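# A structural walkthrough
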Amino acid sequence: MAKNEEIITVQGIPVAVTGFGDDDYISLTDIARRKNPLEPKDVVKNWMRTQSTIEFLSLWEQLNNPTFKGVEIDPLLRNAGGNAFTLSPSRWISLTGAIGLRVRAVKGGGTFAHMDIALEFATWVSPEFKLYLVTEYKRLKTEEQKRLSSEWNLQRTLAKINYRIHTDAIKAHIIPPEVTKAQANRVYADEADLLNVALFGQTAAQWRTSHPGAKGNVRDEATLEQLVVLSNMESINALLIGQGLPQKDRLIQLNQTAITQLTSLLDNQQIKKLTARS
């Protein structure tokens, strides 16, 4: 199973939902088990041999796929529905360069389709099944959003905890005891902006100027990956402060750290997507 693959159960039938690029694709093979549990691939082929299906798939590709070879569908439409006519997902993809269908030729694979196409197929298999499929898919996406929100909040909390370590280091090594509270707060803000510039490329004030309608601050709008790096940078900056490194030198090191860690995190996300496609 691909790492980002999920299973939803629709009327007792497990249906795989996986990601290709930024879109969700649903297993037509699994949906077809509603009609023929033993030979689901035959159900998919029977659906694809009709003229209405070919026209639908062709229109979807024209709307979503700039490299679609539309000229190749003419002979398919002429022969569609004939006793000797057959059309498999693999042949459709090979002939037209279609992206709405994906075939995974591995154990536990099968034919996957973009959500738009999967719902059209589910309607053909069983309108009742299609409605239950929509319900379970919505539930899956709701849970996914809750999970992502929980992860974001956790990283935001960690960043706040690390910020306390960060401010303690500033207090111990940068701020002399005789300065006023206002002066101390200015130093804290300057060090916070050091991290903002290293990670986001701008100070908090610059971000507010460019986002006049935003309710939060630059860190509230950060991605999960940015929050992970921010937590690490706060700890690193505390160590660099303890070593007496000047602010300008710390900025360079922190910026290099941000670039390295974000590149690593984002590359790992791409690897996950590539793994899901294989």
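The paragraphs below set out a description of the structure included in this document. No experiment lies behind these values; they were computed from the predicted model shown.

We now examine the packing of aromatic side chains. With the rule as written, the count across this model stands at five aromatic pairs. Seen from their ring centres, Phe-20 and Phe-112 are 6.3 Å apart, and the 65° between their planes marks the pair as edge-to-face. With Phe-20 in strand E2 (residues 13-20) and Phe-112 in strand E5 (residues 110-114), the pair connects residues that are 92 residues apart, well separated along the chain. Its end group placed over the ring of Trp-124, Lys-35 keeps NZ or CZ at 5.4 Å from the ring centre.

Before going further, it helps to spend a moment on the pattern of salt bridges. In the structure shown here, the tally under the stated rule is nine salt bridges. Among the ionic pairs, Glu-191 bridges to Arg-250, the shortest N-O distance being 2.7 Å. Separated by 59 residues along the polypeptide, Glu-191 in helix H8 (residues 181-200) and Arg-250 in helix H11 (residues 247-277) bring together distant segments of the chain. Summarising the burial analysis for this pair, Glu-191 and Arg-250 share the class buried. Asp-249 serves as the salt-bridge partner of Lys-248, at 3.4 Å between the closest nitrogen and oxygen. The exposed category is assigned to Lys-248, whose relative accessible area is 60%. By relative accessible area, Asp-249 is classed as partly exposed at 26%.

Conventions we followed
- Residues numbered from 1 in each chain as written.
- Predicted model: local features only at pLDDT ≥ 70, side-chain atom pairs only at ≥ 80, totals over all residues.
- Heavy atoms only, no water.
- Phe/Tyr/Trp six-rings, centres within 6.5 Å; stacked < 30°, edge-to-face > 60°.
- Helix = DSSP H or I, 4+ residues; strand = E, 2+ residues; numbered from the N terminus.
- Lys NZ or Arg CZ within 6 Å of the ring centre and 35° of its normal.
- Salt bridge = Lys/Arg side-chain N within 4 Å of Asp/Glu carboxyl O.
- Buried < 20%, exposed > 50% of the residue type's maximum accessible area, 1.4 Å probe, protein only.

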